[in-house]
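A look at the structure
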Amino acid sequence: MSARKLWLRCEKKEFERRTAITPTTAKQLIDAGFELFVERDNQRIFKDAEYEAVGCQLVENNSWPNAPLDIPIIGLKEFRASDDSPLSHAHIQFAHAYKQQAGWSKVLTRFHKGSGTLYDLEFLTDDQGRRVAAFGYHAGFAGAAVGALAFAAEHSGHPLSPLSPYEDEQALVEAVKKALGGTGKGLKVIVVGALGRCGRGAVDLFRKVGVDDDDVLKWDMAETARGGPFQEILDADIFVNCIYLSSPVPPFVTEEQIAAAGRSRRLRVAVDVSCDTTNPHNPLPIYSVNTTFAKPTVPVEVGEGNPALAMVSIDQLPSLLPRDASEQFGANLLPSLLELPNRKDARVWVEAEDLFRAKLAEAVKAEGLS
């Protein structure tokens, strides 16, 4: 059995206030015999003192590179792309490198160079193949909210202003309702991937702000099986993409389709919660950059004289609800973390490491290091 130690690192991605371990789950880990090191982080939604109060040892911000090599490092977001230093620890995080995203091989070969290990949070699965923990619900909820806020802003003749985190779901719902003039009644929306966690979150947001259920078009694999592009998307006010892209699919919407629709197009806002921006099989090939909380939308090329179409492609949407999202994610991840000391035998960790080794071999070959 490995030592029961774990190191929670700070997050360096701008606007990222979520965490994989909350003070609530930290206490449960400590009660189970873990020694928990937590980096000081003014950006994190939970205060350092909250961790100290439950028995965590506070350490300096971004000091994990100097941590003993036998302590796993847990965080959320990927490291900065500009950093290519070797990685020697076991890292638990989202790496966004297993689907050949931009720079994937360089990300993974950092582990090769440092003899480290990656346990990608996206690929920790139960015995049914389902993710043990995901931010999907809050990603969909927040994505739908940003879509509605962007629709209200575009209706007023200006792009959506910079966004800041909300205290909880209800505060976000009230903000959306206010922006829409009190209710979302009359809006027509389409959610693709509506049966998954992400899609359920998007549907729930629209219902809570007053969109009639008959005006929330809920699509999933059955509806998209015939292959896009789909006119139904252009016939809605807001389109929210919530699919999990595991294999190539025909595009759901294209620039050519949008231009051909001309002035008859109803669609004003598209939200790509899935954010497969750099994936070569992105089903929304109408944008090429991620948007941010500072600049939530980018215009889509629609053709001269046609109504504007705003694109939302923020890759950290749950950070709009950092406290709620972190608490849910942390609670779902906890059972797997409790098995971490037995990671050489515990199925969830063994399978995650096996996948890493397979992807690492591909990356090493791609970079010519084999």
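As the structure is a computational prediction, the values presented were derived from the model and not from experiment.

Strand order in the open sheet formed by six strands is S3-S2-S1-S4-S5-S6, with parallel pairing between adjacent strands. Two strands close off the open sheet at either side, each with one partner strand: strand S3 (57–59) and strand S6 (117–120). Examined bridge by bridge, strand S4 (residues 73–74) and strand S5 (residues 90–93) share two bridges and lie parallel to one another. In the sheet register, Ile 73 faces S5, and the bridge partner there is His 91.

Attention now goes to the packing of aromatic side chains. In this structure the tally under the stated criterion is twelve aromatic pairs. The interplanar angle of 25 degrees and the centroid separation of 5.4 Å between the aromatic rings of Trp 7 and Phe 37 together place this pair among those described as stacked. One end of the pair, Trp 7, is in strand S1 (residues 5–8); the other, Phe 37, is in strand S2 (residues 35–39), with 30 residues separating them in the sequence. The same class applies to Trp 7 as to Phe 37, namely buried. Arranged with centres 5.2 Å apart and planes meeting at 25 degrees, the rings of Trp 64 and Phe 79 form a pair that is stacked. Placement of Trp 64 in the loop between S3 and S4 and of Phe 79 in the loop between S4 and S5 is noted, with a sequence separation of 15 residues between them. No difference in accessibility class separates Trp 64 from Phe 79, as the two residues are buried. A network of ring pairs unites the aromatic residues Phe 94, Phe 135 and Phe 329 as a single cluster.

As a further point, take the UniProt feature "binding site: NAD(+)" (unreviewed entry) in the protein chain. The feature "binding site: NAD(+)" (unreviewed entry), as given by UniProt, occupies Arg 130, Gly 196, Arg 197, Asp 220, Thr 224, Tyr 244, Val 273, Ile 314, Asp 315, Gln 316 and Leu 317 in the numbering adopted here. Judged by maximum C-alpha separation, these annotated positions cover 188 residues in sequence and are scattered in space, the widest gap reaching 25.7 Å. Following the sequence through the fold, Arg 197 ends up in helix H6 (residues 197–208). By the element assignment, Gln 316 lies in the loop between strand S12 (310–312) and helix H10 (322–338). One polar contact links Gln 316 to Glu 16, side chain to side chain, over a distance of 3.3 Å.

Here we come to the side chain of Asn 241. Assignment of secondary structure puts Asn 241 in strand S9 (residues 238–241). Of the polar contacts made by the side chain of Asn 241, one reaches the side chain of Asp 272; its length is 2.9 Å. Ignoring any residue separated from it by four or fewer positions in sequence, one finds Asn 241 in contact with Val 192, Phe 252, Val 271, Asp 272, Val 273, Ser 274, Pro 283 and Leu 284.

Any empty space left between the atoms is revealed when a probe the size of a water molecule rolls over them. In this model, the second largest pocket occupies a volume close to 250 Å³. Around the second largest pocket, the lining comprises 13 residues; the ones closest to its centre are Lys 12, Asn 62, Glu 78, Phe 79 and Arg 80. A per-class count over the lining of the second largest pocket returns four nonpolar, one polar and eight charged.

Reading the values: rules and limits
- Along each chain, residues carry numbers from 1 onward, in the same order as the chain's sequence is written.
- With pLDDT at 70 or above as the cut-off, local features in this predicted model cover only qualifying residues; side-chain atom pairs require 80 or more to be listed or tallied, and sums for whole chains, interfaces and linings still use all residues.
- With hydrogens and water stripped out, all remaining heavy atoms of the structure feed into the side-chain values.
- For two strands to be treated as a pair, DSSP must find at least two bridges joining them.
- Going along the chain from the N terminus, every DSSP run of H or I of four or more residues is numbered as a helix, and every run of E of two or more is numbered as a strand.
- Two rings belonging to Phe, Tyr or Trp (six-membered ring only in the last case) form a pair when the distance between their centres is within 6.5 Å. Interplanar angles under 30 degrees mark stacking, angles over 60 mark edge-to-face geometry, and anything in between is tilted.
- Only protein chains enter the calculation, and the probe is 1.4 Å; a residue is then buried if its accessible area is under 20% of its type maximum, exposed if over 50%, and partly exposed in between.
- UniProt positions are given in the numbering used here, feature names are shortened, and annotations may be inferred rather than shown by experiment.
- Throughout this description, a polar contact denotes any pair of N or O atoms lying within 3.5 Å of each other; where both atoms belong to protein, one of them has to be capable of donating a hydrogen while the other can accept it, and for residues adjacent in sequence the pair is counted only when both atoms sit in side chains.
- For this analysis, residues touch if any pair of their heavy atoms sits within 4.5 Å.
- In this analysis a 1.4 Å probe is tested at points of a 1 Å grid over the protein atoms alone, and where it fits but cannot get out there is a cavity; an open set with protein on both sides within 12 Å along at least five of seven lines is a pocket; lining residues have an atom within 4 Å of a point.
- Grid points are joined across faces, edges and corners, and a volume is the space filled by probe spheres set on the points.
- Residue type decides the class: Asp, Glu, Lys and Arg count as charged, Ala, Val, Leu, Ile, Met, Phe, Trp, Tyr, Cys and Pro as nonpolar, and the leftover types, Gly among them, as polar.

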